[in-house]
Amino acid sequence: MDESMVGWATRVAGTELSVVLPRRWAHSQGVATRATALGQLLGRDADLLTAAAVLHDVGYAPRLAATGFHPLDGARFLRDEHGADERLVRLVANHSFAQLEAEERGLRGRLEAEFPLLDEPLLVDALVYCDMTTTPDGDRTTTEDRVAEIVGRYGVDGLVGRFIRRASPQIVAAVERVEAALVAQPR
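Reading the values: the criteria
Residues numbered from 1 in each chain as written. Predicted model: local features only at pLDDT ≥ 70, side-chain atom pairs only at ≥ 80, totals over all residues. Heavy atoms only, no water. Helix = DSSP H or I, 4+ residues; strand = E, 2+ residues; numbered from the N terminus. Buried < 20%, exposed > 50% of the residue type's maximum accessible area, 1.4 Å probe, protein only. Core = buried A, V, L, I, M, F, W, Y, C linked by side-chain atoms within 4.5 Å. Contact = heavy atoms within 4.5 Å. 1 Å grid on protein atoms, 1.4 Å probe; cavity = no way out; pocket = protein on both sides within 12 Å on 5 of 7 lines; lining within 4 Å. Points joined across faces, edges and corners; volume = space filled by probe spheres on them. Salt bridge = Lys/Arg side-chain N within 4 Å of Asp/Glu carboxyl O. Axes fitted to C-alpha atoms, helices over the stretch in contact; angles between N-to-C directions. Parallel < 35°, antiparallel > 145°, perpendicular 65-115°, else oblique. Left-handed = near helix turned anticlockwise from the far one by under 90°.

### Points about unusual backbone geometry
Phi at serine 96 is positive, roughly 55°, even though this residue is not glycine. Considering the arrangement of structural elements, one finds serine 96 in the loop between helix 6 (86-93) and helix 7 (98-105). Of note in the backbone geometry, phenylalanine 97 takes a positive phi value of approximately 60° without being a glycine. Along the polypeptide, phenylalanine 97 turns up in the loop between helix 6 and helix 7. Take phenylalanine 97: its relative accessible area is 14%, and that puts it in the buried class.

As structure tokens, then:
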């Protein structure tokens, strides 16, 4: 029997992150837990979201860090070493408004050429929601606290600090759209 997409993704992410970056692995597991809770909202794409959630930070693994930009490095790894589903790879490449960080790094053209953003707003927003409401240790948090934690960790004037401050309004809006969709869901 074929391994499920979520099982495969969890195995791959665990192999790459659990030993060398255990805190990043805890975050990825927490993001995947959040994604699983959105299953009813995403319907047939629930497993895709959970797989992207557990894999979204795989590009931080030291052996994969070719450019030092984890969304691009992770997406290339998934595409080149695993032949992963194109939608999955594009979600990982573009998670949490990565295009804006890519711009700060001078990599936006490369990111967009290799991995165009999916034209599936709810799915894209759902991954932002899961990532930006999960602490580095895998616990739930508010979007505001998550953004503040990232700025605190990377510094206000550092590349990631600049990116996250710039992306913050879009992150908050994405989270609000998912929360509104959850409230509107039939019970």
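### Regarding the nonpolar core
One finds Leu49, Leu55, Leu78 and Leu88 to be the most contacted residues of the largest nonpolar core, which totals 48 residues. Counting residues per element, this core draws most heavily on helix 4 (residues 46-55), which supplies eight residues. Each residue touching leucine 78, except ones within four places of it in the same chain, is listed here: Trp8, Val12, Leu55, Val58, Gly83, Ala84, Val89 and Val92. Core analysis: the second largest hydrophobic core is formed by 13 residues, Phe97, Phe163, Ile164 and Ala167 among them.

### As for empty space enclosed by the protein
Gaps left between atoms are located by rolling a probe of water-molecule size over the structure's atoms. Enumeration over the complete set of coordinates arrives at one cavity of 30 Å³ or more. Considered as a void within the structure, the largest cavity measures approximately 50 Å³ in volume. If you go around the largest cavity, the residues you meet are Arg90, Leu91, Asn94, His95, Ser96, Leu117, Leu118, Val124, Leu127 and Val128. Every element with two or more residues in the lining of the largest cavity is listed here: helix 6 and helix 9 (121-131). Sort the elements by how many residues they give to the lining of the largest cavity and helix 9 lands first, with three residues.

### Focus: the pattern of salt bridges
On inspection of all chains with the given rule, the structure shows 21 salt bridges. A salt bridge links arginine 79 to glutamate 114, with the nearest nitrogen and oxygen atoms 3.0 Å apart. With arginine 79 in helix 5 (residues 70-82) and glutamate 114 in helix 8 (residues 108-114), this pair connects stretches of sequence that are 35 residues apart. A relative accessible area of 33% places arginine 79 in the partly exposed class. Judged by relative accessible area, glutamate 114 falls into the partly exposed class, the value being 27%. Arginine 108 serves as the salt-bridge partner of glutamate 103, at 2.8 Å between the closest nitrogen and oxygen. On the basis of relative accessible area, glutamate 103 is assigned to the partly exposed category, the value being 39%. Take arginine 108: its relative accessible area is 26%, and that puts it in the partly exposed class. One connected set of salt bridges, linked through shared partners, spans Glu103, Glu104, Arg108, Glu112, Arg162 and Arg166.

### Description of the packing of helix 2 (residues 22-37) against helix 4
Where helix 2 meets helix 4, the closest approach of the two axes is 7 Å, and the angle between their N-to-C directions is 165°. As judged from the angle between their axes, helix 2 and helix 4 are roughly antiparallel. Every pair of crossing elements has a handedness; the one defined by helix 2 and helix 4 is right-handed. Mapping the contact onto sequence places Trp25, Ser28, Val31, Ala32, Ala35 and Thr36 in helix 2 and Leu49, Thr50, Ala53 and Val54 in helix 4.

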